[in-house]
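Given next are the chains, with one letter for each unit.
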Amino acid sequence: MMKRYVPLMMTGLLLVSVFGAARAQDAPRSLAEWVPADFAGFISLDTADLAVTLEAMNVAGFTASVLQPTRVTFSPQNDLAGYFPLDTFDLESASFAQLITPWLGDELLVAWPSLDENYVSGQPLMVLSARDAFSAASAMSPVVRGQDFLEQESYQGATLYQGDQVSLAFTPTVVLVGALDDVRAALDAYAEASGSVADGADFASVYAGLDADALARIFVHGDAAAGALNFVLNGGLGADVVGAFGGALAALDDDALLAQMAGGGIEAVGVSVGESLLISNALEAHALVLTAQDVVLADAPADSALWDMLPRSAIVAMAGTDAETAVNSFMRALPLASFIPRALAAFPFEPNAASSGQLVPLPSDADILAAVDSFISTLETIGGIDLAGDVLDQASGDYLAALLPRPNNPSPLLNASFDALMIVESPDSSALADTLADVMTQFLGVGVLTRDGDVIAFNDPLGGGGTVFAIAAPEDAGVVLLGTGDAVALALRAQQGDNRLVDEGRWQTLNGEIAPAWYFDVPGIYNLISPSAGGQTQSPVLQLGLAAEQRDDRLVSIRLRVGLNLD
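Residues numbered from 1 in each chain as written. Predicted model: local features only at pLDDT ≥ 70, side-chain atom pairs only at ≥ 80, totals over all residues. Heavy atoms only, no water.

Description of the overall build of the chain
The number of helices and strands found in the chain is 20 helices and 20 strands. Across the 567 residues that make up the chain, the buried fraction comes to 46%. A separation of at least 24 residues holds for 67% of the contacts in the chain among residues at least 6 apart in sequence. In the form shown here, the chain has an accessible surface area of approximately 25,400 Å², with 53% of it arising from carbon and sulfur atoms. (Helix = DSSP H or I, 4+ residues; strand = E, 2+ residues; numbered from the N terminus. Buried < 20%, exposed > 50% of the residue type's maximum accessible area, 1.4 Å probe, protein only. Contact = heavy atoms within 4.5 Å. Areas by Shrake-Rupley, 256 points an atom, 1.4 Å probe, with all protein chains shown as cover.)

Thoughts on the packing of aromatic side chains
The tally for this structure, following the rule as stated, stands at 14 aromatic pairs. Seen from their ring centres, phenylalanine 203 and phenylalanine 219 are 5.4 Å apart, and the 80 degrees between their planes marks the pair as edge-to-face. In this pair, phenylalanine 203 sits in helix H6 (residues 201-206) while phenylalanine 219 sits in strand S8 (residues 216-221), placing the two residues 16 residues apart along the sequence. The residues phenylalanine 203 and phenylalanine 219 share a single accessibility class, namely buried. Connected via pairs of aromatic rings, a cluster forms that spans Phe42, Phe203, Tyr207 and Phe219. (Phe/Tyr/Trp six-rings, centres within 6.5 Å; stacked < 30°, edge-to-face > 60°.)

Notes on the packing of helix H9 (residues 239-253) against helix H12 (residues 323-333)
Angle between the axes and distance between the axes: these two values describe a pair of packed helices. It is at 10 Å that the axes of H9 and H12 come closest, and there the two elements cross at 145 degrees. Between H9 and H12 lies a crossing whose hand is right-handed. Here Phe245, Ala248, Leu249 and Leu252 of H9 lie close against H12, whose contacting residues are Thr325, Asn328, Ser329, Arg332 and Ala333. (Axes fitted to C-alpha atoms, helices over the stretch in contact; angles between N-to-C directions. Left-handed = near helix turned anticlockwise from the far one by under 90°.)

Brief notes about the nonpolar core
By size, the foremost hydrophobic cluster in this structure holds 64 residues, and its most contacted members are Phe84, Ile100, Trp103, Met140 and Val177. Considering each element in turn, this core owes the most residues, 6 residues, to H9. In contact with phenylalanine 84, not counting residues within four places along its chain, are Ile43, Leu45, Met57, Leu108, Val110 and Met126. Judged by nonpolar contacts, the second largest core, of 30 residues, contains Leu109, Val174, Phe219 and Leu288. (Core = buried A, V, L, I, M, F, W, Y, C linked by side-chain atoms within 4.5 Å.)

Digging into unusual backbone geometry
Its identity is not glycine, yet asparagine 408 carries a phi of approximately 55 degrees, on the positive side. By secondary structure assignment, the location of asparagine 408 is in the loop between strand S12 (399-405) and strand S13 (418-425). Phi is positive for aspartate 476, close to 65 degrees, though the residue is something other than glycine. Positionally, aspartate 476 belongs in the loop between strand S16 (467-472) and strand S17 (479-484).

Observations concerning a negative patch on the surface
A cluster of like negative charges, contributed by Glu380, Asp386, Asp390, Asp393 and Asp438, occupies part of the molecular surface. In this fold, aspartate 386 is placed in the loop between helix H15 (365-383) and helix H16 (387-391). For aspartate 386, a relative accessible area of 32% corresponds to the partly exposed category. (Patch = residues over 30% accessible without salt bridge, like charges linked within 9 Å, V, L, I, M, F, W, Y side chains within 5 Å. Salt bridge = Lys/Arg side-chain N within 4 Å of Asp/Glu carboxyl O. Lys, Arg positive; Asp, Glu negative; His and termini not counted. Charge placed at Lys NZ, Arg CZ, Asp CG, Glu CD.)

Brief notes about the pattern of salt bridges
Overall, the coordinates contain 11 salt bridges when judged by the stated rule. The partner of arginine 184 in a salt bridge is glutamate 153, with the nearest N and O atoms 2.6 Å apart. One end of the pair, arginine 184, is in helix H5 (residues 180-190); the other, glutamate 153, is in strand S4 (residues 151-155), with 31 residues separating them in the sequence. Owing to a relative accessible area of 25%, arginine 184 belongs among the partly exposed residues under this scheme. Overlapping salt bridges, with partners in common, bring together Asp211, Glu284, Arg559 and Arg561 in one network.

Quick word on the environment of phenylalanine 349
Its place among the elements puts phenylalanine 349 in the loop between helix H13 (340-343) and helix H14 (353-356). A C-alpha to C-alpha distance of 10.0 Å links phenylalanine 349 and glutamine 68, two positions 281 residues apart in sequence. Once residues lying within four places of it in the same chain are set aside, the contact partners of phenylalanine 349 are Pro341, Leu344 and Ile529.

Some remarks on the confidence of the model for the chain
The pLDDT averaged across the chain works out to 81; a share of 86% of its residues lies at or above 70. Note that residues 1-28 has pLDDT below 50 and, in this model, 36 contacts with residues that lie over four places away or in other chains. (pLDDT = per-residue confidence, 0-100.)

Let's talk about the pairing of strand S10 (residues 282-291)
Judged by how many residues are buried, S10 sits mostly within the fold: 10 of 10 residues are covered. The alternating pattern of S10 places Ala282, Glu284, His286, Leu288 and Leu290 and Leu283, Ala285, Ala287, Val289 and Thr291 on opposite faces, both of which are buried. Here strand S9 (residues 266-273) runs beside S10; their pairing, made up of 7 bridges, is antiparallel. Counterpart to alanine 268 in the pairing with S10 is leucine 290. Where S10 meets strand S20 (residues 555-564), 9 bridges bridge the pair, whose relative direction is antiparallel. Residue pairing across strands places glutamate 284 opposite arginine 561, the latter belonging to S20. (Pairing = 2+ DSSP bridges.)

Structure (C-alpha cells):
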C-alpha cells in the first residue's frame, strides 16, 4: 500500500528541502559563478523567449552544416532537448517541455569539465535557472524517482540526489544536473569554498565585453581556447600544419594576431550570437580573443577606396593596413600550399597524398623560414633585387588581395581556374610597378613584357594569347595593381565604377559597423572547389564577412556576419 504514496512523499521531500534552502541562501547571481574554475568553459542561453532562442540555434546549426558539411550534420529541433540531450535522466521518455520548460527561468548554462581538440566533452554540467523552486522540484521529481540506487545528502545548503546515471541538486535559484563530483564542485564554487570561472581575470576581460543582448554566449579558456583556431579550421586534424605556419609567422612578427592564434597563444575566447541574426537574412556573431601576450592587429580596416577597385566576381578578398606584413605572411604560407586540405580539414576540400605527408614531409617552421630566406637570397643574387628595400618598403601601406574565378576558361600558361589580384598603396607607385616588372622579367624571361599606358603585361609566350600577369599604376591613384590573367583589367574597370562588388546587395548585407577585413563568397568558393554541371549551384549560405578591431593590448574583437537565403 505504501508504494502508491512514494511519488507523493518524494515530491514532498523535494519541496521541503528546497524551501529550507531557500531561506538560507543569497539572491540570484550570475550562472557563471556556478562553473568551477578548472572547467574548460560553457555555453549560456537566454531562455526568456524559448521560441526565439531555439530559432536562433536552428539557424546557426544549419549555417554550420552548410559551411562544414563533412563535419556538421543538422536537423531542425523543436525544443532544446535536441541540443542538450536528456539521456542521463534515465527515463524511457524524457521531455524537455514537460520536465524543464514549465519552471525554467531566463538562462540555461551548460558547462564542460573538459574539451578535446574537436570540442567534444564527457558528461556536461547543466545549470538551469528556476523561476519557481517549488515548480522545479515538482516537475523534476520523475527524474529523481527514476534513478536506481538513489542516495540523498545535504551539501553546501542544497539537497543533492545521487543516482546511477546522474546527480541533481536543488537550490532556490537553480537546478544542477551532472556527474556527482561536478555538481559538488559547482556548489563549492557558488558558495565560494573554491574558485569559479567567473573569478578569473580572463573571464572578466572577455565575457563582460560580449554583446549584452546576445541569445547565446560561449566562453572557453585554457587549452580549449589555445586550440580554438584548429577547432574551427580542421578539428585538430591539421594542428601540426597550422602550428608550423604559426611558428614561421612568429619569427617574423611574434605580436601579430594570426601568429599567436596559429601558435596556440590564446588564453580565452568568448563568442556571442544576437537577435540580429534574424534580421535581413543575416547571422551575426561576435568573438573576443584574449591573447597570452600583447598583440598588434595588422589587418585593421583598409582604405575603402581599395574596395572600390574590387570586381564583383571576387569570391575571396582580404584587406588590411600593412601590405609588407601581408606579403611576408603569404611567402611563409607558400611552402605549406600542398598541406592546405589538411589545415582546412573541417571544410570540403578533397584530401590528397601531398597533404597527408605521404609524398613530402610537413616542413617545420625552421624549414619554412629557410625556404623563404633562400628565395630572397636567390632573387638578390641573380636579379640584383633587394626584396625588402626595393619592393616591400615601397608597399607598406593599405592593401587588398582577392581571388576571381574563371569558369570554363583556365588562365593562360598557368592553367588556373581563378585569377589572383593584389592592390597596394605606395608612395611611388610608378617606381614600384617598374621594380615588379623587373622581378617578373627575372623569373619569366626577357622580352615578353608589353606596355600599354599604365599597364605592364606579360603575355603568353607560347602563343596561346591572353595575359599571364599584369601590373598597373593608375595615374594619381597612389596604388599598384598586380594580378594574373584578367584580374588587373577587371579591377581598373571597377575603379571607374563598372561592376564593383561594393555596389552589390551581397556586400551591403555584410558591411556593418566595421568594414569587413575578409570576404568570402560561399557558393563561388564551393563551385571553384567542386564545379557542378550547369554552372554555380544555389546555396542558402551566401557570403561571409569578417571584421576585427583591437580593444586592448591583449584583447581583439572579431565580428562575423553571414548572408543567408532562407526564403
